[in-house]
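Results of the structural survey
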Amino acid sequence: MRTETETEAPSRAACGAESDGSVSPAPRSQSPAPVDALSVDLGLRHGTLDNQPRPAFGADDAEHLAQATPLLLYEPPGQAGLGQVGDSGNHACTPNTAEPTSQQEQQWRERVAAAVCQVPSRINAFLRPYQREGVQAMARALFRTQRTGFVLADDMGLGKTVQVLALVAAILGKTGDPATDLQLAAAVPRGSILIICPTSVLYNWEQEAHQWAYFSLGLFQGARRAQLLPDILRGRYEVVLANLDSIKTEPALLEHNWLLVVVDECHALKNDKTERYRALARMTCRRRLGLSGTVFQNNFREFWAIFNWVLAGAWIPWPRFKREFQGPIVSAAAARRTAEQQRAAEAALLHLAQCTADVTLKRYKSLLSSQLPVKQEKVVFCKLTPFQMAGYQRFLRSDYVEALLQATHNPCRRCGASKRGSECCYQVGTKGCASVIHLMFPVISVLRQLSNHPALLLPRADDDEVVRAELSEKVFEPEDPWMQSMLRNQLTSAGDTSVCGKLAILMQLLARWEKEQLSVVIFSYTTRLLNIIQDALSLQGRTPLRIDGQVSARDRHAVVAKFQARDERILLVSTHAGGEGINLQAASKVVIVDPCWNPARDLQAQDRAYRLGTEHDVEVLRLVTAGTLEELVYARQVYKLQLARMVQTGRTTARAVFDVAMPGEGELFGLENMLAPPVDGSLLEHILE
Ligand SMILES: [Zn+2]
């Protein structure tokens, strides 16, 4: 059955692709006339269901496009379970806080009872079956009690944005009919929904929201913020988009009575001690929705904090969580685990799965495997050049490193006095750093920079990192000709690949891909490394595109569009600035130059290129310097991913890591190992079982 509205449905190549990044959001006029702005901005000119390019949906395509009927979100109260949330096992895993029923709440319940909350057909027609299930799971979880939350944990690329917008449209009573919906947007406000996200994806959310429904939308960003705030607080906007930091700086936003607060990339809250987390925890909002493809990023505390936030502080208390879940599960990751530990971990994982079953939903990208091209991940082991090797060894022999290694030993290893080394014979400090213990991070950072490119260690004009500068002096002989030339700031030296193993490999790869006319995205965590790569490329007459923190959110769209149009085939991206919210399907090669301790960051980077809409196979290459600290960084990634996989699947994994997680086994990621001399060859075989 098709109606007038459906023929005007927005053109979508695929719901899973959150945005193609190529369309700049049209400027919206400000309040008090959101109605006019909406009618102009909606992308109805794109085409109809009949003449638009067919989405690559697969076999069920025709079936669900034909099925353009409203999606029933709510079952009548008796069946939907508006009451008690099921308790699984011994704990009350999800809260059921009875509270006085407000007027707003009453309206909800009436609507639920009347089963009129529906996803408008103009959105529903484009949802894949799993996306509809996602909307329903969120709706059921969010409205079965008065205070509850949910975490949509789908892998990146499965279209969390469109699922949320479908839910939001249903909550706001949107019909899909422009006239009715615009009227609704302009009518007396009945409550607003706040969507909080990283700044880098604000405009994607804005664009998607306009594309899918007729919302009155307040973008709380930039200079207009102060102007917008009174209208927001009066509830003039159905949907308000804000970035994470505005939550910290604008307390009034927190006090507003939102119908629902959505936090996109909610792992960015980190743990419950961060300022962002604390600010959000103070919110009065009863219904909270977290979105993240990687709920387990670094450790159990962060994982726990996400659930504790969505459940408004009413989840399993941390000490109990730590004892009953973290402890047993971590033991099972160790290579020397016992059968008993393995069993305990399996029981804990099962119990954890029960505790989260009602409050989260996770689907994997493999759902779409038949529609996605092949992704291959490779680790490219690069060698240190003799120049780097000499610097690495020279630095490890320095008094700083020795003092650091001896600092925690008690009694003192040099004189035998019963004092910690750092308080006895190893009181080495620097101008910028009083105690040797505080040198740990800078020392590790020097070794990593040296592995990435020696030029990262050169003095900077704007160098305010005294410690780093002092440490760097221990790496090179000042009279080294390359150093001298770099200090004279000769550009050619940066492109000299004989100095850096990684750069040599990277330039070889780029030359090969240029011949094959392949598009490449290169991610790095440091803009200085991007500068070096850019310099090396410009020596060859190439002008790569670039996205870093200096590029505004709006300008990014232009850069991404150029890359997607294949005007230029190399794009340099600062992982911090561009990891989220840009889609780079044109890339068939993704290079991660400096892998991070946190594997999720690297995964996000890859997923920029490998998502729906990608027409070709994608190869992801991580450059790791063999035999050095970097291999430990990579092993750490493997370890964290293993924990994440256990938590997600509820099962222990076959792979295990030596010398980690078990007390008394020595610490793989401890200082002694990280500051060990570089070896010729790979360390990994000694680390992973
Ligand atoms: Zn001593």
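Remember, it's a predicted structure, so these values are computed and weren't measured experimentally. (Residues numbered from 1 in each chain as written. Predicted model: local features only at pLDDT ≥ 70, side-chain atom pairs only at ≥ 80, totals over all residues. Heavy atoms only, no water.)

Observations concerning the environment of Asp 680
Among the structural elements, Asp 680 can be located in the loop between α30 (671-674) and α31 (684-687). C-alpha separation for the pair Asp 680 and Ala 626, spaced 54 residues apart in sequence, amounts to 7.6 Å. (Helix = DSSP H or I, 4+ residues; strand = E, 2+ residues; numbered from the N terminus.)

Topic: unusual backbone geometry
Note that the residue after Asn 410, namely Pro 411, is joined by a cis bond; omega there is 5°. Checked against the element boundaries, Pro 411 lands in the loop between α19 (399-406) and α20 (440-452). Even without a glycine there, the phi angle at Ala 312 is positive, about 50°. Here Ala 312 lies in the loop between α15 (300-310) and α16 (318-331). Residue classification places Ala 312 among the partly exposed positions, given a relative accessible area of 24%. In this structure, Gln 517 is a non-glycine residue whose phi angle is positive, near 55°. (Buried < 20%, exposed > 50% of the residue type's maximum accessible area, 1.4 Å probe, protein only.)

Focus on the sheet that holds strand β15 (residues 618-625)
Read across the open sheet, the six strands follow the order β10-β15-β14-β11-β13-β12; overall the sheet is parallel. Since the sheet does not close on itself, it has two edges, and those belong to β10 (375-382) and β12 (545-547), each with one partner. Neighbouring strand axes in the sheet, compared pairwise and without regard to direction, differ in orientation by 20° on average. Sheet topology note: the strand β11 (residues 520-524)/strand β13 (residues 570-574) ladder contains five bridges and is parallel. For Ser 524, the partnering residue across the bridge sits in β13 and is Ser 574. Here helix α24 (residues 501-515) sits on the sheet in contact with β10, β11, β13, β14 (589-592) and β15, set at roughly 160° to β15. (Pairing = 2+ DSSP bridges. Axes fitted to C-alpha atoms, helices over the stretch in contact; angles between N-to-C directions. Contact = heavy atoms within 4.5 Å.)

A short note on the coordination of the zinc ion
Taken together, Cys 412 (SG), Cys 415 (SG), Cys 424 (SG) and Cys 425 (SG) make up the full set of protein donors to the zinc ion, lying 2.2 to 2.4 Å away. One can describe the donor arrangement at the zinc ion as tetrahedral, given that its four donor atoms subtend angles of 96 to 116° at the metal. By relative accessible area, Cys 415 is classed as partly exposed at 46%. On the basis of relative accessible area, Cys 425 is assigned to the partly exposed category, the value being 28%. (Donors = N, O, S within 2.8 Å, 3.2 Å for Na, K, Ca; no water. Tetrahedral: all angles 85-135°; square planar, octahedral: opposite > 155°, others 65-115°.)

Quick notes on the packing of helix α7 (residues 129-143) against helix α8 (residues 160-171)
Between α7 and α8, the least distance of the axes is 9 Å, while the angle of their chain directions is 50°. It follows from the interaxial angle that α7 and α8 lie oblique. Where α7 crosses over α8, the handedness of that crossing is right-handed. Packed against α7, whose contacting residues are Tyr 130, Gln 131, Gly 134, Val 135, Met 138, Ala 139, Leu 142 and Phe 143, the element α8 presents Val 162, Gln 163, Val 164, Ala 166, Leu 167 and Ile 171 at the interface. (Parallel < 35°, antiparallel > 145°, perpendicular 65-115°, else oblique. Left-handed = near helix turned anticlockwise from the far one by under 90°.)

Notes on the pattern of salt bridges
Within the structure shown, the criterion is met by 18 salt bridges. Its salt-bridge partner being Asp 272, residue Arg 301 comes within 2.7 Å of it at the nearest N-O pair. Here Asp 272 lies in the loop between β7 (260-263) and α14 (275-281) and Arg 301 lies in helix α15, a separation of 29 residues in the sequence. Several salt bridges share partner residues, and in doing so they unite Asp 245, Lys 248 and Arg 276 into one network. (Salt bridge = Lys/Arg side-chain N within 4 Å of Asp/Glu carboxyl O.)

A look at the packing of aromatic side chains
Summed over the entire model, instances satisfying the criterion amount to 12 aromatic pairs. Residues Trp 315 and Phe 321 carry aromatic rings whose centres are separated by 5.5 Å and whose planes lie at 40° to one another, so their mutual orientation is tilted. For Trp 315, a relative accessible area of 4% translates into the label buried. What makes Phe 321 buried here is its relative accessible area of 0%. (Phe/Tyr/Trp six-rings, centres within 6.5 Å; stacked < 30°, edge-to-face > 60°.)

On their own, these measurements won't tell you what the molecule is for.
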